[in-house]
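A structural walkthrough
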Amino acid sequence: MSNKDLGSSFYELKPNDPAYKILTQYPVKSNTTFTAYYSGRNAFMAVFKDIANKTTINKIWLPSYYCDTVINLINRNFNNVHYYNIDPFHFNNDLDITEFAKDNDVVVINNFWGLSSFKNYSCHTNKPIIIEDHTHGWLSEKCLNSKADYCISSLRKTYPIPLGAVAWKPNSKDVLLPYKDTNDLSIIDAHNALLTSMQLKRQHLKRLKDPKKKYLTLLKNGESLLDLSNSYIKPEDVLIKQIQHYYNYDPNPIKNRNFKLAINSLKTSKNFKVINREGFTPFGLLLLFKDEKIFNSFKSWLISNQIYPAHLWPNTSTNIIWRYLLNLHIDFRYNKEDISYLVEKINIWIKNNV
Ligand SMILES: Cc1ncc(COP(=O)(O)O)c(C=O)c1O
């Protein structure tokens, strides 16, 4: 790609692209049966339906710090939502869900940035039903060896697909999760908008045309349409095939390489901490700030240099002092030169903000 836009949404990838070749160097084998959905939220709805088919859900427990679109969806559909405290930036904490949740409760546990560990509750009798969210830790060891009742992962955050997610039951022989037989125009329209956006972004990056404004508008519209979807219909065959094609490739080795390249030459700053955990691969280059103004000025600096990070999550509040998190994308799209460019820009900002 000849345009130096780093980060944000994926562009359409084709088999001859270097990024495609890099990603597909790392095939994985899994015996798990995944059910594909349009979105992570649709996958959640299917999982809740599966649970409701077997039992009456008493309380639903969500982490106090979590993706706001999922929080909104669950609150829209259930009136028994509770929250448990979690520090999303420290990973040796001993979350014990049996201290607050009872059987017939459902507890959502998030794999924060791919760095979380999970207690094994499978020997407990009368334990709550556990759903793990591996959106940010797809194919991590914790994801592959989950002992939860259900798992979901929104794969559109990992692979170059307009939409796509999976749900699975790691410990069950009855592996199929339901689809809802209904019309969901919102998700179909979201898919079309995001697909076109990805195609236009490809053209923008290749400098074929400059439809930047248009792909950004479509991206925004697609994300808004996703918020309106409230079902879990079966994705169209083409998308299921795309999801099943990509989920056999491990995004983590290249992220790990890029992460190491970045931190080896990144200067230290009193303004942010790098979130990491020995032996794990983080979802991206995660920089955590405590001062909102400095955070915003850093973000603006990156954007002025065509680096587009993600704020995780802008509408979630916590009392933790260091709480403003930016994810800088360091996936298979980026080579050593891109990572050098990224680090060079961050280092200039650090020098100017001592
Ligand atoms: C951790 C996490 N889980 C689930 C989701 C929902 O995925 P989707 O946007 O595909 O519905 C998101 C969305 O950003 C997320 O960050």
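Glancing now at the sheet that holds strand 9 (residues 272–275). With respect to topology, four strands assemble into an open sheet ordered 9-10-13-12, the strand pairing being antiparallel. The open sheet has two edge strands with one neighbour each: strand 9 and strand 12 (310–312). With direction set aside, neighbouring strand axes in the sheet form an average angle of 30°.

In this model helix 10 (residues 336–352) runs 24 Å from its N-terminal to its C-terminal C-alpha over 17 residues, within 8% of the 24 Å that 1.5 Å per residue would give. For helix 10, the set of buried residues is Ile339, Leu342 and Ile346. An end-on view of helix 10 places all buried positions within 65° of arc, on one side of the element. Among the exposed residues of helix 10, those oriented more than 90 degrees off its buried face are Lys336, Glu337, Glu344, Lys351 and Asn352. At its buried positions, helix 10 is contacted by strand 1 (6–7), helix 8 (252–265), strand 11 (307–308) and strand 13 (324–328).

As a further point, take the domain arrangement of the chain. Each assigned domain of the chain is listed with its residue range as follows: domain 1 (6–22 + 250–343), domain 2 (28–168) and domain 3 (185–228). Computed over C-alpha atoms only, the centres of domain 1 and domain 3 are separated by 22 Å. Each partner contributes residues to the interface: domain 1 has four residues there, and domain 3 has seven residues. Across the side of domain 1 that touches domain 3, the residue classes break down as two nonpolar, one polar and one charged.

To continue, consider the site of the ligand. Close to the ligand lie 14 residues, the nearest being Ser39, Gly40, Arg41, Cys67 and Ser154. Going through the elements one at a time, helix 2 (40–52) and helix 3 (68–77) are the ones with two or more residues in the shell around the ligand. Class assignment of the residues belonging to the shell around the ligand gives a composition of four nonpolar, seven polar and three charged.

Right, let's talk about the sheet that holds strand 6 (residues 129–133) for a bit. The strand order across the open sheet formed by seven strands is 2-8-7-6-5-3-4, and the pairing between neighbours is mixed. Each of the sheet's edge strands pairs with one partner strand only, and the pair in question is strand 2 (35–37) and strand 4 (81–84). For this sheet, the mean inter-axis angle between neighbouring strands, taken without regard to orientation, is 25°. The pairing of strand 3 (residues 60–63) with strand 5 (residues 106–110) spans two bridges and is classified as parallel. By the bridge assignment, tryptophan 61 is partnered in strand 5 with valine 107. Taken strand by strand, helix 2 contacts strand 2, strand 5, strand 6, strand 7 (150–154) and strand 8 (165–168), and its axis lies near 20° from that of strand 8.

Along the chain, the position of asparagine 252 falls in helix 8. Here asparagine 252 falls in the buried class, since 22 other C-beta atoms lie within 10 Å of it. Along the sequence, asparagine 252 and proline 282 sit 30 residues apart, while their C-alpha atoms lie 8.4 Å from each other. Setting aside residues up to four positions removed in sequence, asparagine 252 forms contacts with Leu139, Ser140 and Thr281.

Now for the nonpolar core. Within the largest apolar cluster, 57 residues are counted, with the highest numbers of intra-cluster contacts made by Ala43, Val47, Ile152, Val166 and Ala167. Sequence-distant contacts of isoleucine 152, that is, excluding residues within four places in its chain, are made with Gly40, Ala43, Phe44, Val47, Ile131, Asp133, Ala165 and Ala167. With 27 residues, the next largest nonpolar core counts Leu285, Phe289, Leu326 and Leu342 among its residues.

Over its 13 residues, helix 9 (residues 292–304) extends 18 Å from the first C-alpha to the last, a length consistent with the 18 Å expected when each residue adds 1.5 Å. Tucked inside the fold, the buried residues of helix 9 contact strand 10 (285–289), strand 11, strand 13 and helix 10. Glutamine 306, located one to two residues past helix 9, shows a positive phi value of around 60°.

The rules behind the values
- Residues numbered from 1 in each chain as written.
- Predicted model: local features only at pLDDT ≥ 70, side-chain atom pairs only at ≥ 80, totals over all residues.
- Pairing = 2+ DSSP bridges.
- Helix = DSSP H or I, 4+ residues; strand = E, 2+ residues; numbered from the N terminus.
- Axes fitted to C-alpha atoms, helices over the stretch in contact; angles between N-to-C directions.
- Expected span 1.5 Å × (residues − 1).
- Buried ≥ 20, exposed ≤ 12 C-beta atoms within 10 Å, placed from the backbone.
- Arc of directions from axis to C-beta.
- Contact = placed C-beta atoms within 7 Å.
- Domains from an automatic or database assignment.
- Nonpolar A, V, L, I, M, F, W, Y, C, P; charged D, E, K, R; others polar.
- Near = placed C-beta within 6 Å.
- Core = buried A, V, L, I, M, F, W, Y, C linked by C-beta atoms within 7 Å.

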